[in-house]
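# Structure at a glance
Below, each chain spelled out in residue letters.
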Amino acid sequence: MRTDGANDVAQSRGQIGVAAEPAPAWSLVFDEFDPAKEGIREALCTLGNGYFATRAAATWAVADGVHYPGTYLAGGYNRLRTDIAGRVVENEDLVNFPNWLALEFRIGDDGWFGFASVTILSYRQELDLRHGLLLRNIHFEDHQGRRSRLRERRFVSMHDMHLGALDLVLTAENWSGAVTVRSAIDGRVVNAGAKLYLQYNGNHLQPQAAEAVGEDAICLLVRASQSHVVVAQVARTQMFLDGRVAEMQRRVIKEPGYIGHETTVDMKQGETLAVEKLVSLYTSRDNAISECGLAARRAVARAPRFDVLKADHLLAWKNLWNRFDVRIQHTGPAATLNLSMLLRLNMFHLLQTASLHSIGLDTGIPARGWTGEAYQGHIFWDELFIFPFFNYRLPEITRALLIYRYRRLGEARVAAKAAGFRGAMFPWQSGSDGQEETDTLNLNPRSKRWVRDNSYLERHVGCAVAYNVWQYFQVTRDTEFLDFYGAELLLEVALFWSSIAVFDDERGRYEIRGVMGPDEFHDAYPDAATPGVNNNAYTNVMAVWVLCRAMEVLNLLSGMRRAELTARFDISAEEISRWDDISRRMYVPFHDDGIISQFEGYGALRELDWQNYRARYGDIQRLDLILEAENDSPNRYKLSKQADVVMLFYLFSSEELGELLTRLGYPPDYDTIPKNVAYYAARTSHGSTLCRVVYAWVLARSDRQSAMAFFAEALQSDVADIQHGTTAEGVHLGAMAGTVDQVLRVSTGIEVKGDVLRLNPELPPEMQRFEMHIRYRGHSIDLELTRDALTVRGDDRDAAPIALCVADKTYQFVSGTTRVFGLNETTKGSLLETD
C-alpha cells in the first residue's frame, strides 16, 4: 500500500513516512484493499462541495463493520432523545442521509459482488486532488474462474452543489453471460458511525415518498424526525454496452425507505458495460425552489451525461486551486514526507467543507468536516485554526462562516443571562441553533463508565469568535461587516467577560472563576464538589485581549453606529471604563519563577510519573480515560491533554503578548516564552491533533528538529490515523488547516498589525522555493520566496496602496507593481527591483 510517500500507519514522534518511490504530488493512492483500514480511507477520500458530502464507501457497500456509507448535508442536524444510564439524554446529530451510491451487480446466478466473494488480483484507489475525483480500479476473479475488471470514477460536483455522479465500468475478460445491475437510493440508513454514540438513538429519518421517475430515474424523499428538514434525492441510471445504449427492461424494487431499479444485460467476452449514475439532492430549506422534490426531478431531467458534468466540475476545481494552491520545491525530509501532496489533501478537505457554495448557506465549520459522525458534526473553537486559511485567499467564505455565529447571538445572549451574566456566552459545542450541545455524559471505553462532561465550562470559545472577527477585519478591512455584524459579536463577548470578572479586594485584581481552559483534562480541583477552575491563564489573558479590541472597535465605528450599538447594549461610559480597568488589572497566576500557571493552584498539583504510564500503556494521549479507569483523576496532576498556556504563544507574537502582559503589570522576561514552552511540553500528552500544530509553531524558529517532528505528526494526523481509530469517524479539519497555515506563517512570517502587512520571510531548510497567492484589502498578490529574494507581485486591480513591511523595513505597495526584496545577510529587507 502506498499513500504517495506518507505511510498510513502511525509514525513514532520524529519519524517521517518513507517513500519507496517518487510520489505524485496530487494523488492519495492505496494499492491494496485492507478491511481494517477501510473506514479511515472512506473518510480520507470523502467527496463534497460545501453543500453535501459523501464518504468513499464502495457503491455496493452497506454499514457492516468494515464499510460505512455516509452522506451528510452541511448543517443537516436532527435532535433525538435516548435513555442512557437511567436518564434521558437529548442529543443533536449530524444526520446520515440516504445513500445515493447504492449500485451493485452480479454475474450470472452468483451472489452480489463484494470483496469477500471474489479473489482480488489487483486493486488501486486514488483520490485525485487536482480534479476532485475518486478513482477505483479492481481486477478480480470469482469462484468460477471468471476474470473481470471494474473501474469507477466518482465526484460530488463543485460546479453545481446539488449534483453528484459516478461511472462504474465492468469489463468481461474471459467470460460471457448475464449481468444483473441494481441501482437504488437507500434511506434505511441510521447514524452508527461513531463508537461513542452507538448507544444513542440513531433513527433520524422518516420516509415520505418513493417512486420511479420516467424510464431511468428514481426518487426518494425523507424527513428528519425533529428538525423536519425534508431531503429529496433523484437518481438517474443509464447503461451503455461498448458505448451503445444497452437494451434492457427495468424492474422497480420498493421497500419502506428504499427505492431501486434492477435490470439484466447480456455481456460477451471482451465487452464493457458502463453504468452512469447521477444524483440530485435538494432540501426543504434551499433557496429559490418551489419544492425540493420537484427541484431534484428538474435537475436530473436537465443534466447532461457524466463526462459533460465532469468537465464543469474540473473547471471549478481548477479555479479553486488557482487561488489556494501552495507550490513548494523541497528537499530532504520534506520531500520524503511528500509535503506537497499532504498539504493539498488538507486543503482539499477544507475546500470540500466550506466552499463558495457555503456563502449562501447558514452553516458553520465542524471540527471533523462533513466526513463522518465524530463529535456529532458540532462546531467548536477549531475555527481559530481554520479561518486563517480562508482569510488570505477567499475571505468571503470566512465572512459567511462568521455570519453563522452572528445569527446565533440571540441564543448566546440567552445562555449568558441564564448563567447570570451580560452579553453573549457562546456554547462549547454548537449545532443548528447555537444552544449548548455538549453531552452531559460521556462513555469511557476503558472503564465502561459514564462520566460527566463539564467541557461546557470552556467559556474561552467566545474569545475565539472575537479573535476570528478581528483577524478577518485585519486582512479585509471590511468595514460594512464590522459595522453590522463583527462589532456586535465583539462587543457582546466583551460584555460577557466584563460581567463574569469579579474584583478581589485582597489581590486588588480581577478574577474569572469556575471555568475550563483548552487543556480539557482539568475540569475541577482535586476532590471538589463543583466543576471548574479559577483564573485559567489563557482565558484571563484572552478576555483582556477581547476587552482591548472592543474598545478599539468602538473607536473605529462611525459616530452614528457607535451611538446605536452603545444604546442598544447599554454600554455606558462607566462600562467602558470598567473594560479598561479589567484590561489592566486582570489576575494571571504564576509559579516556579516565571512559569505562567495554567490556572490558579496548578503549581500545587502532583507531578505524574510519565515514564511509568508510558511503560504500562504505550499510547497515553488520553490520560484522562486511563486515570478515570484507575479510579483516579487528571485533576490531581500537572498534565495537559493539549496546549493551554502555550496557546497564547501560538495566537500572539512575542511583541503582542509582551504588550498584553506588560499592560497587566506582568512584564515578561526574555526567556518567558521558551521557559514556558519547555515546561508544558514535558507535561502534555498531546491527546489532540491541534496540540501538535501549536507546538510545531511555537518551536519553529528555536528548535527546528522538534518542530519538524510535531509538524510531521500534525500533517499526517489522518493519513496515519495517529489517534488510532478516530479518523474513520471524520478527519481533523483544525489540524489540516493548521499545517497549511504553518507553512505560510513559517515561510513568510505573514502578519497584519497596525494596518501594515508584515512579511518576515525565512525559507525553512527543507524548502528551496515557495509560491502562493494571497488577497489583502483589495489587492491580489503573488508571493515567490527563494533563499535570496522575496518577490511580491500585484495584479492590475485599482486598489488603494497598502503599507508593506519586509524584514522591519516599510514600503508603500501599489497594485499592478512588482517588488523584489533581498533576503541574504547584506540585502535583507532591501528593495532590489521594482516594476
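Notes on the structure follow. Because the structure is predicted, anything quoted here is derived from the model rather than measured.

Scanning the protein chain from N- to C-terminus turns up 21 helices and 35 strands. The dimensions of the protein chain, computed from C-alpha atoms along their principal axes, are 85 × 70 × 60 Å. Looking at the protein chain as a whole, 63% of its 835 residues qualify as buried. In the protein chain, the proportion of contacts linking residues at least 24 apart, taken out of those at least 6 apart, comes to 68%. As presented, the protein chain carries roughly 30,600 Å² of accessible surface, and 48% of it is formed by carbon and sulfur atoms. Distance from the positive charge centre (89 side chains) to the negative charge centre (109 side chains) of the protein chain: 1 Å.

This next bit is on the sheet that holds strand β20 (residues 327-330). Across the sheet, 6 strands lie side by side as β20-β29-β30-β31-β34-β35; this open sheet has antiparallel pairing. Where the open sheet ends on each side, the last strands, each with one partner, are β20 and β35 (831-834). Strand-to-strand twist of the sheet, defined as the mean angle between neighbouring strand axes without regard to direction, takes the value 15°. Pairing between strand β34 (residues 818-822) and β35: 3 bridges, direction antiparallel. Residue Val-820 lies in a different strand from β35, and its bridge partner there is Glu-833.

So, about the pairing of strand β19 (residues 272-283). In the case of a regular strand, side chains alternate between the two sheet surfaces. The element β19 is extensively covered by neighbouring structure, given that 11 of its 12 residues are classed as buried. With 9 bridges connecting them, strand β11 (residues 163-172) and β19 associate as antiparallel partners. Among the inter-strand pairings, Asp-167 is bridged to a residue of β19, identified as Glu-276. Taken together, the 11 bridges between strand β15 (residues 230-241) and β19 define a ladder with antiparallel strand orientation. What sits directly across from Gln-233, in β19, is Leu-281.

On to the pattern of salt bridges, then. Counting across every chain of the model gives 64 salt bridges. A salt bridge links Arg-683 to Glu-607; the shortest N-O distance between them is 2.9 Å. Placement of Arg-683 in the loop between α18 (672-681) and α19 (689-698) and of Glu-607 in the loop between β26 (595-596) and α14 (610-617) is noted, with a sequence separation of 76 residues between them. Residue classification places Glu-607 among the partly exposed residues on the basis of a relative accessible area of 42%. Note that Arg-769 is salt-bridged to Glu-771, the shortest N-O span being 3.0 Å. Overlapping salt bridges bring together Arg-413, Glu-488, Glu-492, Arg-561, Glu-564 and Arg-568 as one network.

Where helix α9 (residues 461-476) contacts helix α10 (residues 479-500), the axes come no closer than 9 Å and their chain directions differ by 150°. Here α9 is positioned roughly antiparallel relative to α10, judged by the angle of their axes. Crossing handedness for the pair α9 and α10: left-handed. Judged by residue contacts, Gly-462, Cys-463, Val-465, Ala-466, Val-469, Trp-470, Tyr-472 and Phe-473 of α9 engage Thr-479, Phe-481, Leu-482, Gly-486, Leu-489, Leu-490, Val-493 and Trp-497 from α10.

Quick look at the packing of aromatic side chains now. By the definition in use, this model includes 42 aromatic pairs. With a centroid separation of 6.2 Å and 20° between ring planes, the pair formed by Tyr-200 and Trp-450 is classed as stacked. Residue Tyr-200 is found in the loop between β12 (177-186) and β13 (205-213), and its partner Trp-450 is found in strand β22 (residues 449-452); the two are separated by 250 residues along the sequence. Classification of Trp-450 as partly exposed rests on a relative accessible area of 22%.

Moving on to the sheet that holds strand β3 (residues 52-54). Neighbouring strands of a sheet are bound in pairs by backbone hydrogen bonds; such pairs are parallel or else antiparallel. Taken in spatial order, the 3 strands make up an open sheet running β2-β3-β4, and their pairing is antiparallel. Because the sheet does not close on itself, it has two edges, and the strands there are β2 (47-48) and β4 (71-73). The sheet contact formed by β2 and β3 spans 2 bridges and is antiparallel. The residue bridging Gly-48 from the neighbouring strand is Ala-53, located in β3.

Along the chain, Arg-819 falls in strand β34. Accessibility expressed as a relative area gives 13% for Arg-819, which makes it buried. In the structure, Arg-819 is positioned 285 residues away from Asn-534 in sequence and 51 Å away in space, judged by C-alpha atoms. Apart from residues lying up to four places away in sequence, Arg-819 is in contact with Leu-790, Thr-791, Val-792, Tyr-811, Gln-812, Phe-813, Leu-831, Glu-833 and Thr-834.

The subject of this paragraph is the nonpolar core. One finds Trp-381, Phe-390, Trp-579 and Met-647 to be the most contacted residues of the largest nonpolar core, which totals 227 residues. At 14 residues, helix α11 (residues 537-556) tops the list of elements feeding residues into this core. Leave out the neighbours within four places in its chain, and Phe-390 touches Phe-324, Leu-350, Leu-351, Ala-354, Ile-365, Pro-395, Ile-397 and Thr-398. Core analysis: the second largest hydrophobic core is formed by 21 residues, Ala-165, Ala-295, Ala-296 and Phe-306 among them.

Moving on: the side chain of Thr-539. If you trace the backbone, Thr-539 turns up in helix α11. On the basis of relative accessibility, which here comes to 1%, the residue Thr-539 falls in the buried class. Setting aside its immediate chain neighbours within four residues, Thr-539 contacts His-460, Trp-497, Ile-512, Met-516 and Gly-517.

The next thing to look at is unusual backbone geometry. In this model, Arg-477 sits at a positive phi of 55°, which is unusual for a non-glycine residue. Tracing the backbone through its elements, the reader meets Arg-477 in the loop between α9 and α10. For His-686, which is not glycine, the phi torsion reads 55° and is therefore positive. Inspection of the secondary structure puts His-686 in the loop between α18 and α19.

Here the focus is helix α8 (residues 409-418). Helical geometry note: an α-helix holds 3.6 residues per turn, so side chains three or four residues apart project in the same direction. Listed as buried for α8 are Leu-409, Ala-412 and Ala-416. For α8, the angular spread of the buried residues around the axis is 60°, confining them to a single face. Seen from the open side of α8, the exposed residues pointing more than 90 degrees away from its buried face are Lys-417 and Ala-418. Lining the buried residues of α8 we find α7 (395-407) and α10. Where α8 terminates, the next one or two residues include Gly-420, which has phi positive at roughly 95°.

Okay, the pairing of strand β7 (residues 103-107) next. For β7, the tally of buried residues reaches 4 of 5 residues, placing the bulk of the element in the interior. Here β7 pairs with β12 via 5 bridges, running antiparallel. Along β12, the bridge assignment pairs Arg-106 with Thr-180.

A few words now on the packing of α7 against α9. The contact between α7 and α9 brings their axes to 11 Å, and the two run at 150°. The orientation of α7 with respect to α9, classified from their angle, is roughly antiparallel. For the element pair α7 and α9, the recorded crossing hand is left-handed. Listed contacts from α9 to Pro-395, Thr-398, Arg-399, Leu-402 and Arg-405 of α7 are Val-461, Val-465, Asn-468, Val-469, Tyr-472 and Thr-476. Among the residues making up the contact of α7 with α9, the classes are represented as 6 nonpolar, 3 polar and 2 charged.

Rules and cut-offs
- Residues numbered from 1 in each chain as written.
- Predicted model: local features only at pLDDT ≥ 70, side-chain atom pairs only at ≥ 80, totals over all residues.
- Heavy atoms only, no water.
- Helix = DSSP H or I, 4+ residues; strand = E, 2+ residues; numbered from the N terminus.
- Buried < 20%, exposed > 50% of the residue type's maximum accessible area, 1.4 Å probe, protein only.
- Contact = heavy atoms within 4.5 Å.
- Areas by Shrake-Rupley, 256 points an atom, 1.4 Å probe, with all protein chains shown as cover.
- Lys, Arg positive; Asp, Glu negative; His and termini not counted.
- Charge placed at Lys NZ, Arg CZ, Asp CG, Glu CD.
- Pairing = 2+ DSSP bridges.
- Axes fitted to C-alpha atoms, helices over the stretch in contact; angles between N-to-C directions.
- Salt bridge = Lys/Arg side-chain N within 4 Å of Asp/Glu carboxyl O.
- Parallel < 35°, antiparallel > 145°, perpendicular 65-115°, else oblique.
- Left-handed = near helix turned anticlockwise from the far one by under 90°.
- Phe/Tyr/Trp six-rings, centres within 6.5 Å; stacked < 30°, edge-to-face > 60°.
- Core = buried A, V, L, I, M, F, W, Y, C linked by side-chain atoms within 4.5 Å.
- Arc of directions from axis to C-beta.
- Nonpolar A, V, L, I, M, F, W, Y, C, P; charged D, E, K, R; others polar.

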